[in-house]
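Observations on the model geometry
These are the residues of each chain, in order.
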Amino acid sequence: MTDISINIPLCSGCKTCTEVCPYFILKMDESAEKPTVDPLKIANCCHCGHCEAVCPEGAITVNYPGSGLVHGITKNNPITPAQIGQHLMMRRSIRDYTVELVPEETLRQILEIIRYAPTGMNGQPVHWLVMRDPAEIHHLAGTIIEWGRDVVKNQPGHPLASILPMIIEAWDHGADPVCHSAPCIVIAHGQKDNPNAFIDSVIAMTHFDLVAPSFDLGTCWAGFVQIAADASPEVFQALHLPEGHRSQYAMLVGYPKFRFRRIPKRDALKVTWR
Ligand SMILES: Cc1cc2nc3c(=O)[nH]c(=O)nc-3n(C[C@H](O)[C@H](O)[C@H](O)COP(=O)(O)O)c2cc1C
């Protein structure tokens, strides 16, 4: 079980932690004007550590059994393993974006870099769909929510059945917990019968994920979008992919609303040395 402790005297009540929590576990105690942990939702905590990493005052500590070494941020290094390590460890899933649109030219520059990502037998099977129309993204999210309602009603054993009601409730209250109101979605797609297309797309998407912060962009792997695109003909059709193509993975992109200041905990290294 995750333990989230809040140092209330240190907390400024800025609400950032309540906004970044993906599972709505932190909520505002309106009378105290400070955040509090919802005891009914703490069991859903995926110990992403975003609340701890984003807090401007350093007022939140997240602990969970089995967490590994805690890394601090080092500054002013030359280009070294430490520097790339810091870049990779500071990458976060961004779920709160500004309304600023991402220029096509910026996305083109990223895609030009990542077309050098490795591919099996250098087959280079990855195609990209870039969606930059917020109305179209909102419509896609709505189509995914409709699929989610159907899953909740008719597929109680679905792996997402327990989390979908929370997602649907947030949508019905005006939030977008599917696409997080991102101003851009990129989708890697390719021939569905190409055995390398999935892994090559995921590698390329990983490169996208890692390059994006150097353009001041934030990203979030869009699992809900991908799962729904595989499961729902309506969602798949909304993507208008070429005949014979599958959406291999989706990623949200936009300018982050919040800056993460710390590196959160992750599981201790699991390795067998021989
Ligand atoms: C394959 C994959 C799918 C994901 N899908 C979603 C998603 O649908 N919605 C979401 O908010 N986060 C999604 N995430 C983000 C994870 O929740 C996140 O990586 C994890 O909590 C760790 O946080 P970090 O990326 O900031 O280190 C996904 C991540 C991965 C790798």
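Residues numbered from 1 in each chain as written. Predicted model: local features only at pLDDT ≥ 70, side-chain atom pairs only at ≥ 80, totals over all residues.

**Some remarks on the overall build of the chain**
- In terms of helices and strands, the chain carries 9 helices and 8 strands.
- Its C-alpha atoms give the chain a radius of gyration of 20 Å, within 12% of the compact-globule value 19 Å for 274 residues.
- Seen through its C-alpha atoms, the chain measures out along the principal axes to roughly 60 × 55 × 45 Å.
- The buried share of the chain, taken over its 274 residues, is 32%.
- For the chain, the share of sequence-separated contacts (at least 6 apart) that also reach a separation of at least 24 residues comes to 76%. (Helix = DSSP H or I, 4+ residues; strand = E, 2+ residues; numbered from the N terminus. Rg over C-alpha atoms; globule rule 2.2 N^0.38 Å. Buried ≥ 20, exposed ≤ 12 C-beta atoms within 10 Å, placed from the backbone. Contact = placed C-beta atoms within 7 Å.)

**Here we look at the packing of helix α5 (residues 134-154) against helix α6 (residues 164-172)**
- It is the contact of α5 with α6, at a shortest axis distance of 10 Å, that shows an interaxial angle of 140°. Compared by their axis directions, α5 and α6 come out oblique. Every pair of crossing elements has a handedness; the one defined by α5 and α6 is left-handed. Each of I145, G148, R149, V151 and V152 in α5 lies in contact with α6, whose residues at this interface are L164, P165, I167, I168 and W171.
- Broken down by class, the residue content of the contact of α5 with α6 amounts to 8 nonpolar, 1 polar and 1 charged. (Axes fitted to C-alpha atoms, helices over the stretch in contact; angles between N-to-C directions. Parallel < 35°, antiparallel > 145°, perpendicular 65-115°, else oblique. Left-handed = near helix turned anticlockwise from the far one by under 90°. Nonpolar A, V, L, I, M, F, W, Y, C, P; charged D, E, K, R; others polar.)

**Notes on the nonpolar core**
- Within the largest apolar cluster, 41 residues are counted, with the highest numbers of intra-cluster contacts made by I144, C179, I185, A222, V225, M251 and V253.
- Only α4 (104-114), α5, α6, β6 (184-191), α7 (197-211), α8 (223-231) and β8 (245-254) provide two or more residues apiece to this core.
- Among the elements that line this core, the one with the most residues is α5, at 7 residues.
- For A222, the contacting residues outside a window of four places in its chain are C179, I185, A250, M251 and L252.
- In this structure, I4, A59, F258 and F260 belong to the second largest nonpolar core, which totals 17 residues. (Core = buried A, V, L, I, M, F, W, Y, C linked by C-beta atoms within 7 Å.)

**Topic: the domain arrangement of the chain**
- You can read the domains of the chain as domain 1 (1-93 + 259-274) and domain 2 (104-254).
- Averaged C-alpha coordinates put domain 1 and domain 2 at centres separated by 25 Å.
- Domain 1 puts 4 residues into the contact, and the matching count from domain 2 is 6 residues. (Domains from an automatic or database assignment.)

**A closer look at the site of the ligand**
- Around the ligand, the neighbouring residues are P22, C46, C48, R92, S93, R95, C220, W221, A222, G223 and F224.
- Within the residue set of the shell around the ligand, elements represented by two or more residues are β7 (218-221) and α8.
- Grouping the constituent residues of the shell around the ligand by class yields 7 nonpolar, 2 polar and 2 charged.
- Each of domain 1 (1-93 + 259-274) and domain 2 (104-254) contributes no fewer than three residues to the shell around the ligand. (Near = placed C-beta within 6 Å.)

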